[in-house]
Structures are given as C-alpha cells and as structure tokens.
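# A structural walkthrough
Below, each chain spelled out in residue letters.
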Amino acid sequence: MKALSVPIISKRKGLTRPDKLSITLALLVAALCAFSLFVLYSASFYAAEKNFGDGLYYLKKQALAMGLGVITAVVLSFINAEKLKKAAIPLLVVSFVLLGIIFIPALGVESYGARRWLNLGFITMQPSEVSKFGLVFFSAFIIDKYKTDTLKGGLPILLVGIAMCVLLLLEPNMSVTVLTATLMMAMLFAGGVKTRKFAYILLPLIAGAVLLILLEPYRLQRLTAFIDPWASPKGEGYQLIQSYYALGSGGWFGTGYLKGRQKYMFLPFAESDFIFAIVGEEFGFVGAILLIAVYMAIAITGYKIAARAQTRFQAVLAYGISSVIVLQTLINVAVVSGSIPPTGIPLPFMSYGGSSLVCFLSSIGILESVARNGRAF
Amino acid sequence: MVSKSEFIKRLSVLSILITFLFTAVVGKLFYVQIVEGKDLQAKALDQWTRDIPYVAERGKIVDRNGVVLAATSTTYTCYVRPTNLKNAEQTARAIAEATAIDYEKILEKISKKGASEITVAKKMTKEQVNYVLNSGATGVYFSKDVSRYYPYGDLASQVIGFTNIDASGQSGLELYYDNLLKGVNGSALTETDIVGRELNEAIYYLPAIDGAQITTTLDKSIQYFAESAVEAAVNAHQAKSASCIVMDITSGGVAAMAQYPSIDLNNIDRSNLDELFAESKLCSVCNVYETGSVFKIITMAAAIEEGLVSENETFQCGGSRTIDGQKIKCWKTKGHGLQTFAEGVMNSCNCVFMDLALRLGKEKLYSYYEKFNLTEKTGLDFAGESKGLLIPIENVKTVDLARMGFGQAIAVTPIELASAVSAIVGGGIYKKAHILSAAYDPSGREVYSNQEESRRVVSEQTSSLVRKLLFGVVDGGSGKLAGVDGYHVGGKTGTAQKYLNGSINRGHYLSSFIGFTTVEDPKYVVYFYVDEPEGIYYGSQVAAPYVGEIFSKILSYEKVEKAEVEERTPFIMPDFYGWDYFDVKKKAEELGIYLEAEGEGDVVIEQFPPANASCDEKCVLFIKTEEAKNN
C-alpha cells in the first residue's frame, strides 16, 4: 500500500489548466448558484415586499454575498491547498473564539429563543458556519500528522468535536450540534478508527441525546410534533405541516416556477431553512430529486478529488469539505420532508444567508485548489 | 496512519451510506409529494383561499297594486386593513369626504397598528362607496349589509311578519315564503396570503341571485281602512283585541287582515321572544272561536239549499226551546213571538235556527260543514293555520245539534268562516283563500302564480236568497249600523260568550259582524270581531258600526256608484229609564229604529244610545230590562 504521507509535490508552479473534475465541480456549483437565485426570488419576493417594501431585498443581499463568495473561492483556488495546513490551528482558534463571544450580550443576537447569530457590526453571521470548517481543517491536520487509526489517536478530533458540540448546545443549536457530531464521526472514520470502536462514541452520544431531550421539554415536543404534526397544527406541528403542504402541492412536476402558494407567508423560513420545500412545490418530486442529484454529484466529485489528492492533508480536507456539504444537505432535506425532527439548518448554496453562502463557496475554492494540485498526481 | 487504499475504501463506504440515507429521504419525499400529495393540497387549498359571501337581496312584498309593503335596503360597512394601507392620509380624506366623518378621527383610527381590520364607517350608500373607491383610497374594503324595512311599519304586521337580524323569515309571509324571498347567496373565492391579503382578482365568482318579489292579494288602502277600524274598536271598547278580515269574494284573495294591538315591524323588540311571537300571532288564522250568531249564515244556507225552509214560513219564539228535556234560551228571553223566517233572521232568533238545525239533522249539517271547509284548514298560504273544532259526529246529541244551529258548540277559525260566507253570498262558489297572487324573479319573470281552486257549494238561488235575508238584517235589523247610505249591503251580527276551560267565561264576549258588499254585486266579505269588549258587548253595537265604516270607505275607494239617499229625520233619544218594554217597543217602531232587548221582566234599567243622544232611523236601540221591583 502506498502511504498517502509520501509527499508528492507538484513540480509545476503557478496556474495549471483545470481538469475534468475541477470543471465538473465548478459547473455544478455555478449551476446550483444560478438556480438558487431563481428559487430565492420566487420564494422571497412576496414576503420581502410586505416586510421590507422591496421584493428584491433578500435576492440583492444574497447576490452580493454570492459575488463575495465567488471572489473568495477564486482566490482560494489559486492558493496551494497544502499551504492551508498552516491555517488549520488559527482557524480552529477563530472558530472557538467566535463560538465563545456569541455569549457576550453585546455581540450575540438572540432570536427564536437561541443565540446563534453574531453581530459584528458590519455583518451578522453564525459562528457555526465557520466552526464546521474549523473542525474539518483541524481533523485533516491531525490525520495528516498523527496516527489516528485508534480511538486514542483520534482523541484530539474527538475532544475538539465534543467541545464544539457543547458550545453549540449552549446556544442552543441542536441541528448544527448534530451536524458537527456527525461530521466529527466522519472525520474519525476518515482517520482510520476501527468501525466497531465507534460504538464507544455512539453509545455515550445517544445517551447524551436522550438526556438532553429529557432536560429540555421543548425538544420532546418537537419530537412528538415530528411524529404527528396534526396534533398541534397551530403549534409545534405548524412548520412541518406547512412544509408538507408545499411538497404535497408540488406532486410529480410541481406547480410551475413562481406559481407556488406556500411562499405567501404560509411557510415560515421559506427563503432560508425551508427553501427546499419551495423547490418541491414549484418543481415537484422530479425537481426535488434532480436537485438532490446535483448535491450528490457535487459530493461525489468532491470525494473523487479527495481520492486522488496529492497529499493526505489535502485528501482529508477535500473529504471533510464534501462531507460538510452533503451531510448538511441530507439533514436539511430530511427535516423538510419530515424524515427527522425539525431543526433549523440551511440548505448549502440554496438557503438565504450570506455567511453560510460565503463559507460554502470558499470551501469550493479550496476543493478546486485540491483538484488542481491533484492533477499532477 | 490511514493508508490510501483504506481511505478510499472508507470514502466509498461513506458514499454508500450517504446514498442510502438520501434514498430513504427521497422515499419520504415520494410519500409526501406523490402518495399524500392530493390530500395535502386539498387541505392547503383551505388556507390559501377566502370565501367572501355575497348576500342575495331579499325580495319585496307588495300589495295587489304594487305598493311596497316590505323592502330591503342595502348599506355598506367600510373597513380598512392597515396592512394594505399605502397612503393613510389620502384614504382618510377620501372616506371623510364621502361620509362627513371627521378626517382626523378616521386617520387616527386607521393609523393604529396591530389591528387586522378596522371598521371606519357604517350605513354607507352605494354612491359613497363608489366615491371612496374612485378617490385613490388604499386598503379599503366594504361589506354589504342588507336590512329589511317596512314602509308602513305596523300595517298588516301580523300578516307580513318579520325577519331575524340575518334577514331570514321568522313569522307571517316572511316566514311562509322565505324560500321565494331569500334568493341564493353568492360568493367569491379569493386567493390570499396568510393574513388574508388578496393576491389577485377573485378566481371564482358566483353571483348572488336576488330573491323574488311577491305580489300579495292585500290592498294597502283596504288594509288601512281595516286597521283604523280595529284600532278604533279596541280603543272605544277597551277590548283585548279586535281583528278584521276583508276577503275578495271574486278570487278568494285576502284583501286585508288587520289585528290590533299590532307591532311595528321596523322596531321589533327581540328582548322577549315569547311575547313577540304571541303579539305577532295572527288570530284570524291561528285561533278558533265559537263565533255565535254570525254562524247562523251557515245553517241558513244549508237549510235553504236543502229546501227545508222558505222565506215567508212562520216560526214561533217563546224565548226558548226545550230539547230532550233541556231548555235552550233565545237571546231575547221574552221571545220574538210569531215571525216569518226573514224576520227571524233579522231578529237573529235562536229558536228559528235551532229548528233549522234539527230539520237538517246532524249528517246533513256536518256534510255542509265539510262542503264549506269548516272541518279542514282553508289551506291559506300562511304558517300556523288552525282548523275548526267540531264535536265528533257520533257524539253529537240533539241538544248539541240545536246549539250548532245558532253558532254554539262549534269553533272555527275566522278565515274558515270568512271563506265559507264568501262562498255563500258570492254565488255559491267556494274559492280557496290565499294571500299570494304571484311571485317574480329579479328579471321580472313570473316564478309563481296562484292557481285558483273553486267549487260549487250552494246554488245561485240559495246565495241570492241569503243575500236578500242578510240585507234585511242591515236594512231593518240588528245589523243596521253596518249600513252605508246609498248602497245595499248585507250582514249578520254575532255575540258569543267565551269559554274558559270548557265552561262559560261569564262577562267575556266575542262581539262580531260579518257582512258583504254589495247585494247586487257581492265583491267583499268583511268579518270583524272584537275580543272581550268592556261594557256594551252586542255585535250590533260593538262590531257593526266599524264594518259600516269599512264598507263605506271601500265603496268610495272603489268608486261604486251610489243610489239616491232618502233624508233621515233626526230626533233626540228619549230617556227610557223605568219604561215598560212594550211602550219602548211601540216608541221604537214609531221612530223606525231597531230594538234589542235583554233581560227578564219589563222594566227598562239600561239603554244605549243614552238619553238625549241625537239619532236618526239608522240606530239600534239596546235596552236591558228586569222584573218590576214592587212585584
């Protein structure tokens, strides 16, 4: 077996011509971004006009963020991904700082009973958008540097992951906690930890989850609302029922673009966490599957880039970034379709939210960089 | 250190795991979107749309000449939805200019945050609404309010009836013809957002179909004549109530049905519903009465039709008949002596009518009751009609039969009696009573038309003879006060003792008069009855004069030609107190007035009209006598 640790540094410097994988990735993401603006326009126009007097309110901000994200992505794609190893520890520190300062009243914004947003004056962002990637970078760094095929070896990842989860739980942000925990496991898995050892992590995690549910009654309510939303159609069940209405109205081929009805303020968060429901309504089951296929394609392309990456760090980095995208998509679609209890998590690239979009586009830039470096391999 | 191959293997494992999970989620999506999709969409449709009702306008009720008796007025309520309000000042100004409500007040009202709808103005006219709509107001909505109103307030109130606040018929014609009057409400289905803001034009619009206009057989003027008469009678005699039916003999249509006390339909007091429904109950249709002597017309017609009596046949009245050992008194206990049949009718002699009933026998008499529809409801188009109350034929004893002859031991509704008398005096044809003649939809198309039902019950000759005999009653008998100068009218008085729980309720009378106009051309039957008058209670005094008034008004209203009138000689009514009955009788004959005497003995103790009243031949003198004290 050829160890990944053997550094194979590209002899070529500077720009290399993009190859099939990087073009595929760029095209997929570009298509997704373009599509996202169309959907966001349809999903948000009415609410934006009523709430802000400007139907393009959300669209403009999202387009701006997209521009910023594309620039960042392009810049990052030209930076040798291997150099980002140096950024792993600082990024982790930044992640924890951001996750920590959210509890400073002047900076943290409370909404819907949770502190998830950070107001930095010029921008509001969710620290978790950064911390997900912080965990990926750190994991790649550790896996690259240390022997991580035992639980002991993976301990740094485990500890960092759990620390993040604790901070996220304090916000509280259940959905990102679940995502972070899942991501942590995916990273440990990539590090080579034996499959059966995961039982040692999974069992305490499940026990912890049960305990958390018992501690906070609202979580139990959400859980029961997910099983039978019709029991409280105006309360806990409302959000899911409205999502069902959107999806159900879509049928096979949807109502047609702009012709959905649920966006007329019936479906809360139609422009953000539940934008997938609008896709399901206006483009139907077929449209929804096609969109999922695009995400799967992005993930598979990302995994292919990981598989042929030049170095172990880059391989794990590409693996982690792809996993963040696909896992978050999976959780979002599972929530919207009522497969798991409702939690608030945006759909990558599609949901309204500047910080999320910039972070995801940046990560694509890094994937492109890995792809380009890997071409020489 | 993880090897590359192990890493790639694990990558594949994760990919497969994720694909598997996505497949599961897609399965759930399929279930929601395809399997349950239609049901969910149907449920969602409910929240996406609002149904705005369009209230149909209730049809008018008009009299036979088209005079509106009940109408619907449409007003609009203006309200503002602040969420849709673009320019509060402009909107407030538009409403202020249209309605003369203070601009500042409106502005303050509609600028309030939080309320989803604010009512700004009520009772707006269509013109005001159009003004507001054309002046650039925003966020303004109107709802239509339909209210019922009655141009003549308390006129025929028990007949017309009233509606509840939702304009649904509660009594009278409003109730009976509710289905014709109410029309069909329409609606508009509008797509809205979550707070009800309309997204576009109505996607589904079903116009309201206004109710039909119903044309009744009532005549506002005749109704008014009857109303004045019943009110006057109640006031003059402190009676519990007075009612009047005017029937159009030629059609069976009810020209008027008056009842006093009445209610003001424009001002219904709904605080006590039991009381309200009691006051609005139409006695002429819903109650049965033992009508007394007016019922003699029925006996008379049956006997004449059967050839059991002739005009000049003589009858002896000694003040009573003894039947099966039971003594049944004539109202005039002194007796009417020997009299012809015609005189017997004039005198309203009970003995004559007992004889007729006995001659007929119960089977024949009952068969006439059936012919005259006294055993069944008339089928009048009115809610709550009652029917005659008769002793079952197998239980009828001879005494009962004799009593029925002069109107006791049988109770009928006034509308039954009026219909029967109409048939008898109107040529012998029975016509079904009705109030509605036709109904027209909003486009003027006839949607209902009364089908006259008629059948012969007595011969033309019988009818003619009854008219002649009844003319005699008014011309020179107890019905004198119902007479109208220059016309030949006929009729019969009635004074019945009321029953309470099966026994005579002493001092409580139903005083009535039923008459027709004219003898030559019978057109109207008027049945007038006063329930429980105080003081004098003879139908001749309490009811007949009012019928005379009604006749007189109808005849001049219908411009019926008047014959020459002989001058009457006025005189001052002597004081008969202490006089002997026979002296009074002689004096009355001398003066040419009709005398009604009541009581045992021969000494006059009471009289009406009182002494010194100015009178003429058109006068019915009532005296009460008793045994001389020194006897």
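These remarks concern the structure in this document. Every residue gets a number counted from 1 within its own chain, in the order that chain's sequence is written. To label them, take the chains in the order written and letter them from A, then take the ligands in the order written and number them from 1. Since the coordinates come from a predicted model, pLDDT governs what is reported: local features require at least 70, and pairs of side-chain atoms require 80 or more to be given and counted, while whole-chain, interface and lining totals use all residues. The basis for every side-chain value is the complete set of heavy atoms in the structure, and neither hydrogens nor water enter the calculation.

The next subject is the packing of aromatic side chains. Think of it this way: a Phe, Tyr or Trp ring, Trp meaning its six-membered ring, pairs with another when their centres are within 6.5 Å, and the plane angle makes it stacked under 30 degrees, edge-to-face over 60, tilted otherwise. Within this structure, the stated rule accounts for 37 aromatic pairs over all chains. Considering the side-chain rings of Tyr58 of chain A and Tyr352 of chain A, the 4.8 Å spacing of their centres and the 75° angle between planes classify their relative orientation as edge-to-face. Taken as a pair, Tyr58 of chain A in helix 2 (residues 57-77) and Tyr352 of chain A in the loop between helix 11 (312-336) and helix 12 (354-375) lie far apart in primary sequence, 294 residues in all. Across this residue pair, the class does not change: Tyr58 of chain A and Tyr352 of chain A are buried. Ring geometry for Tyr289 of chain B against Tyr529 of chain B: centres 5.3 Å apart, planes inclined by 55°, an arrangement best described as tilted. Here Tyr289 of chain B, found in the loop between helix 11 (283-286) and helix 12 (296-305), pairs with Tyr529 of chain B, found in strand 23 (residues 524-531); they are 240 residues apart in sequence, far enough to count as distant. Per residue, the accessibility class of Tyr289 of chain B equals that of Tyr529 of chain B, and both read buried. Each residue in the set Trp331, Tyr509, Tyr537, Tyr538 and Phe622 of chain B is aromatic and connected to the rest through ring pairs, giving one cluster. Whether a charge lies above a ring is judged from NZ of Lys or CZ of Arg, which has to be within 6 Å of the ring centre and within 35 degrees of the ring normal. Lying across the ring of Trp230 of chain A, Lys43 of chain B places its NZ or CZ 4.0 Å from the centre. Across the ring face of Tyr581 of chain B, the terminal group of Lys334 of chain B is positioned such that the distance to the ring centre comes to 4.9 Å. What counts as a helix is a DSSP run of H or I of at least four residues, what counts as a strand is a run of E of at least two, and both are numbered from the N terminus. Residue burial is assigned from relative accessible area. The probe radius is 1.4 Å, only protein chains are included, and a residue is buried under 20% of its type maximum, exposed over 50%, and partly exposed in between.

Let's shift gears to the interface of chain B and chain A. For this analysis, residues touch if any pair of their heavy atoms sits within 4.5 Å. Taken together, the contacts link 37 residues of chain B with 64 residues of chain A. Here's the idea: put two parts together, see how much 1.4 Å probe accessible area each one loses, and the total over both is what we call buried area. Here chain B packs against chain A, burying approximately 4,500 Å² in sum over the two surfaces, 70% of which is carbon and sulfur. Criterion for a salt bridge: a side-chain nitrogen of Lys or Arg within 4 Å of a carboxyl oxygen of Asp or Glu. Across the contact surface, chain B and chain A share 1 salt bridge. In this structure, the salt-bridge partner of Glu191 of chain B is Arg261 of chain A, at a minimum N-O distance of 2.8 Å. We call two N or O atoms a polar contact when they sit within 3.5 Å, provided that within protein one can donate a hydrogen and the other can accept it, with sequence-adjacent residues counted only if both atoms are side-chain atoms. On the surface where chain B and chain A come into contact, there are 15 residue pairs in polar contact (both at pLDDT 80 or more). Within the residue set of the side of chain B that touches chain A, elements represented by two or more residues are helix 1 (4-35) and helix 2 (37-48) of chain B.

On to the environment of Thr74 of chain B, then. All names here are of chain B. Structurally, Thr74 can be placed in strand 3 (residues 68-80). Here Thr74 falls in the partly exposed class, since its relative accessible area comes to 24%. Residues contacting Thr74, with those up to four places away along its chain left out, are Glu57, Lys144, Asp145 and Val146.

Moving on: the sheet that holds strand 21 (residues 489-500) of chain B. Residues and elements named next belong to chain B. The strand order 10-9-23-22-21 describes an open sheet built from 5 strands, whose pairing is antiparallel. The outermost strands of the open sheet, each flanked by one partner alone, are strand 10 (254-260) and strand 21. Pairwise comparison of adjacent strand axes, ignoring direction, gives a mean angle of 10° for this sheet. In this structure, strand 9 (residues 241-248) lies alongside strand 23, joined through 8 bridges in antiparallel fashion. If you follow Ser243 over to strand 23, its bridge partner there is Tyr529. Sheet contacts for helix 9 (residues 220-237): strand 9, strand 10 and strand 23; angle to strand 10, the most-contacted strand, approximately 25°. The strands that helix 17 (residues 460-476) touches are strand 21 and strand 22 (503-517); relative to strand 21, the one it contacts most, it runs at about 75°. Note: two strands are recorded as paired if DSSP finds a minimum of 2 bridges between them. For every element, the axis is a line fit to its C-alpha atoms; helices are fit only across the contacting stretch, and the angle between N-to-C directions ranges from 0 to 180 degrees.

On to helix 1 (residues 20-52) of chain A, then. In this analysis the local bend is the angle between axes fitted, respectively, to the seven residues ending at and the seven residues starting at the residue. The principal kink in helix 1 of chain A, of about 50°, is found at Ser44 of chain A. A positive backbone phi angle near 75° is found at Gly53 of chain A, which sits one or two residues after helix 1 of chain A.

Our focus in this paragraph is the pattern of salt bridges. All names here are of chain B. A full pass over the atoms with the stated rule returns 30 salt bridges over all chains. Between Asp616 and Arg568 there is a salt bridge, and its shortest N-O distance comes to 3.0 Å. Pair noted here: Asp616 is in the loop between strand 27 (614-615) and strand 28 (620-626) and Arg568 is in the loop between helix 19 (544-557) and strand 24 (571-572), with a separation of 48 residues, a long-range link. We classify Arg568 as partly exposed; its relative accessible area is 28%. Residue Glu590 is joined to Lys587 by a salt bridge in which the shortest nitrogen-to-oxygen separation is 3.6 Å.

Here we come to the sheet that holds strand 25 (residues 594-598) of chain B. For sheets, the rule is that strands pair by backbone hydrogen bonds, running either parallel or antiparallel. Residue and element names in this part refer to chain B. Read from one edge of the open sheet, 3 strands run 25-28-26, paired in mixed fashion. Edge positions in the sheet fall to strand 25 and strand 26 (603-608), since each has one partner strand and no second. In this sheet, neighbouring strand axes are inclined to one another by 30° on average, regardless of whether the strands run parallel or antiparallel. Those strands touched by helix 20 (residues 581-591) are strand 25, strand 26 and strand 28, and its axis lies near 160° from that of strand 25.

Next up on the list: helix 17 of chain B. Given a rise of 1.5 Å per residue, 17 residues ought to cover 24 Å, and the 24 Å separating the end C-alpha atoms of helix 17 of chain B matches this to within 8%. Looking at the buried side of helix 17 of chain B, the elements it contacts are helix 12, helix 13 (341-347), helix 16 (414-425), strand 21 and strand 22 of chain B. Take the residue count of a helix, subtract one, and multiply by 1.5 Å to get its expected span.

In this section: the side chain of Glu290 of chain B. Residue and element names in this part refer to chain B. Along the chain, Glu290 turns up in the loop between helix 11 and helix 12. Residues counted as positive are Lys and Arg, residues counted as negative are Asp and Glu, and His and the chain ends are not counted. One buried charged residue, Glu290, forms no salt bridge at all, with the nearest opposite charge on Arg403 at 7.5 Å. Of note is the side chain of Glu290, whose polar atom sits 3.0 Å from the backbone nitrogen of Ala409. Excluding anything up to four places from it in sequence, Glu290 contacts Gly407, Gln408, Ala409, Ile410, Ala411, Ala496, Gln497, Tyr499 and Leu510.

Along the chain, Tyr264 of chain A falls in the loop between helix 9 (238-250) and helix 10 (275-307). Residues Tyr264 of chain A and Ser44 of chain A, 220 residues apart in the sequence, show an inter-C-alpha distance of 8.7 Å. In this view, Tyr264 of chain A contacts Tyr46 of chain A together with Asp193, Ile194 and Leu199 of chain B; residues no more than four positions away in its chain are not counted.

What follows is about the side chain of Lys332 of chain B. Residue and element names in this part refer to chain B. Assignment of secondary structure puts Lys332 in the loop between strand 13 (326-329) and strand 14 (337-340). Buried and without a salt bridge, Lys332 has Glu589 as its closest oppositely charged side chain, separated by 8.3 Å. Each residue touching Lys332, except ones within four places of it in the same chain, is listed here: Gly319, Tyr581 and Ala597.

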